[in-house]
Structures are given as C-alpha cells and as structure tokens.
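A closer look at the structure
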Amino acid sequence: MLDSIWQLLANYGLDTKEIADAVSLGLESKKLVKCRSFIKILTADFRKISNAKKTLCKLSETDKGDSDSLLMWLTDNYYLIENEYAVCKKELNNSSRIPCTGEFPRVSCAFMRFFEYADFPIDSAGISAVVDSLDSNYTLPMDEYFLLKPLAAFAFISGCSKVLSEYQRKKLSGFKLREDKYASSLGNLIQSLRSVSVHNFDADILRSTPSKILSDDPSGDYCNMTDSTKIMYLGKLSEKAKKQGKSEVALAKEFIETAKNATDIRKRHIGYYLMTLPKAPKSLYFSVIIVIPVLLTAILLPLSPLLLFAILPLYEAVKGLSHFIFSKIIKSYPLPRMELSEIPDNAATLVVITSLITGEKSDGILFDRLERIFRANGEKNIYFGILADIRDSKTAKAPGDEETVNHAYGRIQALCTKYGKKFMLFERRRSYSKSEEIFMGWERKRGAVCELVNFLKGESTTFPEKSRNSAIEILGDTKIKYVITLDADTNLGLGAARDMCSAMLHPLAKPVIDKNRGKKITFDDNARLHIHAGNII
C-alpha cells in the first residue's frame, strides 16, 4: 500500500506541489482582521457539531441504523474535535491581525478548498505542501505562520460542521440520502484534523522566507541554533517590523546587510539586532517597595507608637505583591540556545557540589547524589566533583580529619573505578579567620569557588597536593570553560548540564568588557541573560 494519497495522485500525473498550488490560487488579500473576531464563527460551528451529535443519537434509535456509520465517526472522534476546538479558540484569542478572504482567514480558506476539490484526507506532507505554496505565492507574515495549526484546525472543524448540518437538514426534511457519502466526507475531515493535531508546524515556520534570509547570518550561528531559538528570533523580527512599519522580509535583509558590514564580532550575529530587550524598571521597583511601607507606617503611626513595628511586615507584604505585579508586567524570554548533540571540546564543563564533609556516616548521601547527577548528565567533556570543606575547629587540625578526608577520597576513587575517570575531590584545609576567631575554610563557599577557579586557571590555591595532582591527572590537557556549582541538596536534571552549556555558548551570552565600569566582565546589554538553573562561572 502506498504511504500517502499524495503518492497515489502523483502516479496519475498530479504531484503534491501542483495540488497545493491549485488550492492557494486567488487568495490575495490586503484585508487584515483580528484573530479573535473568528472565534464567534468557530464557536458557532462547534455548537452545530454538538447539536448534530445529539440529533444523530436520537435518529439512530428510529431510522433502523441508516445513520450508524456517520454517528460512529462522530462519536468515536468527538473528543478530538472538542480538544482541537479548545486549542484553536485559545490560540485565536489574541490581537494579531491576519489576512482574510471573505469571512475566513486566508490559510483556513486554502485548507477548505483542499477538501472541496479533493475530498480525501490530507496528511503531513500535504499540509506542508499547502503552506509552502501559500508562502511562495504571497510570502506569509509570521503572524500567519505562528497560527498555522489553529487556522488549519479551524478549516476542518468548519468542514465537519458543514457536512453534519447539511446531512441533518436534509434528513429531517425527508430526503433519501446516501449516508455512506456523508460518512466518507466526515471521516476524511476527521482524519485531516488528526493530521493537523500531530503535524510539526515548527518545520514549516523554519522554511519561511524570513527564516531563509536569516540563514545567511554572517556569523553562521543562526543555522546552528535550536529550532525554538530560531522561532524566537522570527517572533522578534515580526515585532520590530511592525514597530518600524516595514515588511519582515525587507527588515531581515536590512539586518543581514548591516551584520555583513560590521567589524565587531558580536555585531556580525543577526541576534544582536533582534534581541534588544527593554530595560527593567529597577528605579520604579525599589521606589515601590521602600516608599509605600514608609508612607503607610507614617499614616498609621499617629494611632499608636507601637505601629512603628508594622513597617517590617508591611515591607514584606509590599515586596511580595510587587514581585507578583512586576512579573506580570515585565515580559520574560527564554534563553537563546545553540543546538548541541554533545558538549564540544572547547566548552568542557565541571559540575561540583559545594559541601562540608563530616565523615562516613553522614557523607554517604552526598556521594550518592553526585552519582545520580552523573547518571543524568554523564557525557563527553563533562566532569564531576565535590568542592569540600571540613568542619570548623578551634585548631588547624582536629581529631578525625584524616579519616573524613580518606573516606571522601575512597568514595571518589570508587566512582572513578565504576564509571571512568570523571570524578574529583577538591578539599581545603582550615585557615584561621580573625573575624570568626576560628579555623575554617577560607571565605567558606565563596572562597571555595574562587579557589577552584584559580586552580582551573593554573594559579596557586590552598588545595592539598593530593587533591591538585588527582584533578590534574583526570583533566589532562582539558581546559575547563564552565563550572556549574550546586548546593548539597540540589539536583541537576536529565541533560541539564548540556542545556545550560547550550545557552552559554550562544553568541549573545559571551561575556564582554564593560568599558564604562572598568574591567568588570558583564553580559552584553543586548541580551542581559540570567542563568536561573544553577551558577555558571
């Protein structure tokens, strides 16, 4: 059996492109209509389907099975129609304006025509063919691309409504009908709707004309990014085109030309021009959480001097409310990422858990957690370790120190034997703290991380010789670029280390020197990226 009805038609001299071109002809439209205006039509069509289902159930009890085939298609797949209707209604409820032909969106009209001309189910290849033909003829705007799924579903839900309404009207009027014809049409529409529900529309978006233009990114990074990042870029292109009153194609070409002429390596990446984010209103935020509690306290203070103590709970309440409000007002964006099948050699990563080690009885959980993290993230160019301090003491050395350290080295060695040389122990001996008046790890966790970075850079540290030599033996010539630090109670999910590296390797995440603040290294203001899933140094 042939895999696709399109292949069957091709055997008769009709190829996929020719059929798709036929249904997309004559759909030029300069009329732009808000998406939410189509919800009324969609809801009316769904109600007709629901009413038809009830009517057919009643008819099946009296017409001796004449409508059983039609009813079976509807009842067995009603959940699909209901789910796609809900998704379609939700996604169309936005203020985007899209081209309209007659009373329906242009994309929906193309899929409606497909059913009217062919009357057989469309598959994934057919959906892509129709989309490609529409873009070839009219260069679809990104607003239409982002709504491809609900617009296609809209077409087939409307088709189901039309078939059922016609059958119901003629049946109740006493016409003798070929029930199998209506059942076949409804079945084809439902199968088409099912194809729409599983189709990968992201692939269609990435074949759009603006995406093809951005693929000429002079830095070469666009083609190596994740699909979700490319789609985010296309969304930003659409936003900027609307603000500047230009077409997306024209603006994309303009950015590409600007990037090609740039001498700064950062400006040769197309994302430099697309991902400029609005500055967060920091001054407003801090004014709100400070001024409002003080003002409320000043108003309440004349009632009783004891109300002065209300400033702290008022501050916490206002801060919590401000966090909620500002999180709704300020739009967040996912981090742009590169597509990685594995960590490249130039991005070797060390995952370390910072913790106190106290001995065999209590440290077992720590090393078990390290093993679980390895199982979830163990792959090429990712190493794992414990960044450990021993307990504070009144003396530089305390009873049990050697046993504690030797047990830790033993557990690390056991992991290396079991999984290969991927594990290290970075342990520090105590130094005297004048402020604490006790022997402890220098600067505690912050100091431990700083010393680890110094070691990786080849500088002197307080790590014992055994710890240094062991790490040097495992790392060899490998240069660690990123360090992911975890607390003792923090997990690192499946593939999370690679995911974080894919964000850090993106060109917008590369650190630059802020000349206005001396030599302080910051993220590029064009991106202002923040890593939430751990600390990357």
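Bear in mind that the values here come from a model prediction, so they are computed numbers and not experimental data.

1. Description of the pattern of salt bridges
- A full pass over the atoms with the stated rule returns 23 salt bridges.
- Measuring nitrogen to oxygen at the nearest pair gives 2.9 Å for the salt bridge that ties E371 to K418. Of the two residues, E371 sits in helix α17 (residues 360-377) while K418 sits in helix α18 (residues 401-419), which places them 47 residues apart along the sequence.
- For K418, a relative accessible area of 54% translates into the label exposed.
- By sharing partners, the salt bridges in this structure join D132, D204 and R207 into a single network.

2. Quick look at the packing of aromatic side chains
- Overall, the coordinates contain 18 aromatic pairs when judged by the stated rule.
- Measuring from centroid to centroid gives 6.3 Å for Y222 and Y233, while their planes differ by 45°, and the two rings are tilted. Placement of the pair is Y222 in the loop between α11 (209-214) and α12 (227-244) and Y233 in helix α12, with a sequence separation of 11 residues. Of the two residues examined, Y222 and Y233, each falls in the buried class.
- Here the aromatic rings of F374 and F423 are separated by 5.1 Å at their centres, their planes lie at 55°, and the arrangement is tilted. Linking F374 in helix α17 with F423 in strand β6 (residues 423-428), this pair joins segments that are 49 residues apart in sequence.
- The exposure class of F374 is buried, given its relative accessible area of 12%.
- Among the aromatic side chains, those forming a connected cluster through ring pairs are F374, F384, Y419 and F423.
- Looking at K53, its charged tip hangs above the ring of Y78, at a distance of 5.1 Å from the centre.
- Above the ring of Y383, the side-chain terminus of K422 is found at 5.0 Å from the ring centroid.

3. Structural notes on the packing of helix α5 (residues 106-118) against helix α6 (residues 124-138)
- One way to put it is that α5 packs onto α6 with a least axis distance of 11 Å and a crossing angle of 130°. By the angle between their axes, α5 is oblique relative to α6. The handedness of the crossing between α5 and α6 is right-handed. In contact with R106, V107, A110 and F111 of α5, α6 contributes I127, V130, V131, L134 and Y138.
- Each residue belonging to the contact of α5 with α6 can be placed in one class, and the counts come to 8 nonpolar, no polar and 1 charged.

Criteria and thresholds
Counting restarts for each chain, with residues numbered from 1 along the sequence as it is written. For this predicted model, a pLDDT threshold of at least 70 governs which residues receive local features, and a threshold of 80 or more governs which side-chain atom pairs are given and counted, while totals over whole chains, interfaces and linings are taken from all residues. Hydrogen atoms and water are omitted, and side-chain values are computed over all heavy atoms in the structure. Here a salt bridge means any side-chain nitrogen of Lys or Arg lying within 4 Å of a carboxyl oxygen belonging to Asp or Glu. Helix numbering and strand numbering both begin at the N terminus, where a helix is a DSSP run of H or I of at least 4 residues and a strand a DSSP run of E of at least 2. Whether a residue is buried, partly exposed or exposed follows from its accessible area with a 1.4 Å probe, protein chains only, as a fraction of its type maximum: under 20%, in between, or over 50%, in that order. Only centres within 6.5 Å qualify two rings of Phe, Tyr or Trp (six-membered ring in Trp) as a pair; their planes then separate them into stacked at under 30 degrees, edge-to-face at over 60, and tilted for everything else. The rule is short: NZ of Lys or CZ of Arg within 6 Å of the ring centre and within 35 degrees of the ring normal puts a charge over the ring. Orientation is described by axes fitted as lines to C-alpha atoms, over the contacting stretch for helices, and by angles from 0 to 180 degrees between their N-to-C directions. Should an angle fall under 35 degrees it is taken as roughly parallel, and over 145 as roughly antiparallel, whereas 65 to 115 is taken as roughly perpendicular and any remaining angle as oblique. Helix crossings are classified by the rotation of the near helix relative to the far one: an anticlockwise turn of less than a right angle makes the crossing left-handed, while a clockwise turn makes it right-handed. Two residues form a contact once any of their heavy atoms are found within 4.5 Å. Any residue that is not Ala, Val, Leu, Ile, Met, Phe, Trp, Tyr, Cys, Pro, Asp, Glu, Lys or Arg is counted as polar, Gly included; the first ten are nonpolar and the last four charged.

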